[in-house]
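Working through the structure, step by step
Chain by chain, the residues run as shown.
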Amino acid sequence: MLIGSDNIASHNEELLKKHQNKFAFTVSEIVDTQVIIQKLIDFQIAIPSWALGTGGTRFGRFAGGGEPRSIEEKIEDVGLLHALNNASGAISLHIPWDIPQDYKAIKNLAAQHNLRFDAMNSNTFQDQAGQENSYKFGSLQNVNKAVRKQAIAHNIEVIKHGIELGSESLTIWLADGSSFPGQLNFRKAYQNTLESLEEIYDALPSNWKLFLEYKCAEPNFYSTTVADWGQSYSYVKKLGDKAQTLVDLGHHLPNANIEQIVSLLLMEEKLGGFHFNDSKYGDDDLTAGALKPYQLFLIFNELVEGMDARGMNHAKDLGWMIDASHNIKDPLEDLLQSVEAIMIAYAQALLVDRKALEIAQQENDVVKAQEILQDAFRTDVRAVVAEARLRSGAALNPVELYRSLSVRKNLIGERGLKTMATGL
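Given the structure is predicted, the values throughout are model-derived calculations rather than measurements.

All right, on to the overall build of the protein then. Counting its secondary structure elements, the protein contains 15 helices and 11 strands. For 424 residues, the compact-globule estimate of 2.2 N^0.38 gives 22 Å, and the C-alpha radius of gyration of the protein, at 22 Å, lies within 12% of that figure. Each principal axis of the C-alpha atoms in the protein carries an extent, and together these give about 65 × 60 × 40 Å. Buried positions account for 54% of the 424 residues belonging to the protein. Here the analysis covers contacts within the protein between residues at least 6 apart in sequence; of these, 79% occur between residues at least 24 apart. Carbon and sulfur atoms make up 51% of the accessible area of the protein, which amounts to about 19600 Å² in all. Counting 41 positive and 55 negative side-chain charges, the protein places the averaged centre of each group 3 Å from the other.

A few words now on the pattern of salt bridges. Using the criterion set out here, one finds 16 salt bridges in the structure. When the shortest N-O distance is used, the salt bridge between K215 and D283 registers 2.8 Å. A residue pair is termed long-range when its members are at least 10 positions apart, and K215 in the loop between β7 (209-213) and β8 (223-224) and D283 in the loop between β10 (271-276) and α9 (293-309) qualify at 68 residues. Relative accessible area serves as the criterion here: at 6%, K215 is assigned to the buried category. Relative accessible area serves as the criterion here: at 24%, D283 is assigned to the partly exposed category.

Take the sheet that holds strand β4 (residues 120-121) next. With parallel pairing, the 6 strands of this open sheet are ordered in space as β4-β5-β7-β9-β10-β11. Only two strands of the sheet have a single neighbouring strand rather than two, namely β4 and β11 (319-322). As judged from the 4 bridges shared by β7 and strand β9 (residues 243-248), these two strands associate in the parallel manner. Pairing of E213 across the sheet is with L246, part of β9. Of the strands in this sheet, β10 and β11 are in contact with α9, which crosses β10 at around 160°.

Listed under "domain: Xylose isomerase-like TIM barrel" (unreviewed entry) in the UniProt record, and renumbered for this structure, are residues 100-285. Spanning residues 100-285, this segment combines 37% helix with 16% strand, and its end C-alpha atoms are found 27 Å apart.

What follows concerns the sheet that holds strand β2 (residues 90-92). Picture the strands of a sheet paired through backbone hydrogen bonds; they go either parallel or antiparallel. Pairing in this open sheet of 3 strands is parallel, and the strands run β1-β2-β3 from one edge to the other. Every interior strand has two partners, whereas the edge strands, β1 (47-48) and β3 (116-117), have only one. As paired elements, β2 and β3 share 2 bridges and run parallel to each other. By the bridge assignment for β3, I91 is matched with F117. The strands touched by helix α3 (residues 71-85) are β1, β2 and β3; relative to β2, the strand with the most contacts, the crossing angle is about 140°.

Of note, the bond from I95 into P96 is cis; its omega dihedral lies within 30 degrees of zero at 20°. Structurally, P96 is set in the loop between β2 and α4 (103-112). P219 follows E218 through a cis peptide bond whose omega is 10°. Looking at the secondary structure, you find P219 in the loop between β7 and β8. Unusually for a residue other than glycine, D32 sits at a positive phi of about 60°. Examined against the element boundaries, D32 turns out to sit in the loop between α1 (5-29) and α2 (33-42). Despite not being glycine, N364 shows a phi value in the positive range, around 55°. With respect to the helices, strands and loops of the structure, N364 is situated in the loop between α11 (354-362) and α12 (366-377).

Core analysis: the largest hydrophobic core is formed by 108 residues, its most contacted members being F274 and F300. Looking at this core element by element, the count peaks at 13 residues for helix α10 (residues 331-351). Of all hydrophobic cores here, the second largest spans 5 residues; its members include A46, A90, W97 and M321.

Tracing the backbone shows N192 in helix α6 (residues 186-202). Remark: the alpha-carbon pair of N192 and L253, spanning 61 residues in sequence, is separated by 25 Å. Look past the residues within four positions of N192 in its chain and what remains in contact with it is L140, Q141, N142, V143 and R148. A distance of 3.3 Å separates a polar side-chain atom of N192 from the backbone oxygen of Q141.

Enumeration according to the criterion identifies 1 cavity of 30 Å³ or more in this entry. Space inside the largest cavity adds up to approximately 40 Å³. Lining the largest cavity are L249, N277, D278, G289, K292, Q295 and L296. Here the residues of the lining of the largest cavity sort into 2 nonpolar, 3 polar and 2 charged.

Turning our eyes to something else, we now look at the packing of α6 against helix α7 (residues 229-239). In the contact formed by α6 and α7, the axes pass within 10 Å of each other and the chain directions differ by 45°. Taken together, the axis directions place α6 and α7 in an arrangement best described as oblique. Between α6 and α7 lies a crossing whose hand is right-handed. Counted together, Y190, T193, L194, L197, E198 and Y201 of α6 and S234, Y235, K238 and L239 of α7 form the full contact between these two elements.

The rules we used
- In this numbering scheme, every chain counts its residues from 1 along its sequence in written order.
- Side-chain atom pairs in this predicted model are given and counted only at pLDDT of 80 or more, local residue features only at pLDDT of at least 70, and totals for whole chains, interfaces and linings cover all residues.
- To get the side-chain values, all heavy atoms of the structure are used, and hydrogens and water are removed first.
- Per the convention used, a helix needs a DSSP run of H or I reaching at least four residues, while a strand needs a run of E reaching at least two, with both numbered from the N terminus.
- C-alpha atoms define the radius of gyration in this analysis, and the globule rule sets the expected value at 2.2 Å times the number of residues to the power 0.38.
- With a 1.4 Å probe rolled over the protein chains alone, any residue whose accessible area is under 20% of its type maximum counts as buried; one over 50% counts as exposed, and the rest are partly exposed.
- By the convention used here, residues are in contact when the closest approach between their heavy atoms is within 4.5 Å.
- In short, Shrake-Rupley with a 1.4 Å probe defines the accessible areas, and a residue's cover is counted only from the protein chains shown.
- Charged-residue counts in this description rest on Lys and Arg as positive and Asp and Glu as negative, His and the chain ends being excluded.
- Taken as the charge location is NZ of Lys, CZ of Arg, CG of Asp or CD of Glu.
- Any Lys or Arg side-chain nitrogen located within 4 Å of an Asp or Glu carboxyl oxygen qualifies as a salt bridge.
- Note: two strands are recorded as paired if DSSP finds a minimum of 2 bridges between them.
- Inter-axis angles, ranging from 0 to 180 degrees, are taken between N-to-C directions of lines fitted to C-alpha atoms, where helices are fitted over the stretch in contact.
- UniProt positions are given in the numbering used here, feature names are shortened, and annotations may be inferred rather than shown by experiment.
- The set of buried Ala, Val, Leu, Ile, Met, Phe, Trp, Tyr and Cys residues whose side-chain atoms join them within 4.5 Å is what this entry labels a nonpolar core.
- Pairs of N or O atoms within 3.5 Å make up the polar contacts considered here, provided that, within protein, one atom can donate a hydrogen while the other can accept it, and that residues adjacent in sequence are counted only when both atoms are side-chain atoms.
- Lining residues are defined by having an atom within 4 Å of a point belonging to a cavity or pocket. Those points lie on a 1 Å grid over the protein atoms alone, cavities being sets where a 1.4 Å probe fits but cannot get out and pockets being open sets with protein on both sides within 12 Å along at least five of seven lines.
- Grid points are joined across faces, edges and corners, and a volume is the space filled by probe spheres set on the points.
- Under the grouping applied here, Gly and all other residues not named as nonpolar or charged are polar, the nonpolar ones being Ala, Val, Leu, Ile, Met, Phe, Trp, Tyr, Cys and Pro and the charged ones Asp, Glu, Lys and Arg.
- Angles below 35 degrees are treated as roughly parallel, those above 145 as roughly antiparallel, those between 65 and 115 as roughly perpendicular, and all remaining angles as oblique.
- By definition, any crossing whose near helix is turned counterclockwise from its far helix by less than a right angle is left-handed, and any crossing with a clockwise turn is right-handed.

Okay, structure coming up:
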């Protein structure tokens, strides 16, 4: 389904007067509004191909109908999101779920939707049909060299697909680890993993980056080979300048100070990017900002401060992507909500009075420092985010337009009720 500019214009016209009133009030409350709006217009958040269908739990999967059945339909769905918010201008593919059969045709289709290809993602946490060796006991860490070689070859294959599509980064997430004490020699597992990563790193083009993700637990219950940011940092530091750590907000132990982790990785020039989501108990992969909006703001506060200190481009110098699973929500509605929450947190972080905060920190004025941060967080910037969409030709209220156009109903009509997206 395509959403035309006439649909968006009609929608915006109905909401324009109310929006203008809200925006005028917001502008009177904050400074540098035009600068913030331009930064929001420039800021793009990649959509993962696997998040376009219904996710699941260990107990069940409740498909919603009209799910994309191919890489072409996944691109069309991201294009639909991008038309609604003009902030989802990239798609991140997962191999072997999304192997292109015709690179030129796929690139042309993406271009038609104003999309680029973000990080390529490898999969050594599942066994695929016809696979010679199993990853049951790990991939890059496996005690069996043949298994490690197979996992290395897969990652190099993913790089080759990415080169053809114009991607410039590879994300590696490993399910490697152990479920019982004594099952694994930690030191040898680390060494095997490092040697495997070195072979993959050597296959990277000069303009590429390798993002190494970490996760404290799951699917193994006792140890994880890349369990936290320190272990990821240890690997990427040894690999070289093209290797960086990727932070998934759900991949931490309860109450971890993610904003401090972000700040230090940025300082060490080893922060590669993000997988945005939210959680309460574990790696819940919920809608970004749904449970912990203040934490999301604090993370962006450190990002803005750290990136500005290094003269970085907010939109281009880090990888921004959502990683979510939708078991009961319409996936496209959920993704629209996540993008909105990320944009709001980013805009709020741009409001922080950096000079005043630095003075408060130097004077150990804890109360003042808290007031500065909370004043920015409590500022309603939704009208500013909406204005950025309006100026870029997107919808003032993407979810409302999505529903008024009965997009899901139309997708079910086009694709069927029982379709299932490839992936998890």
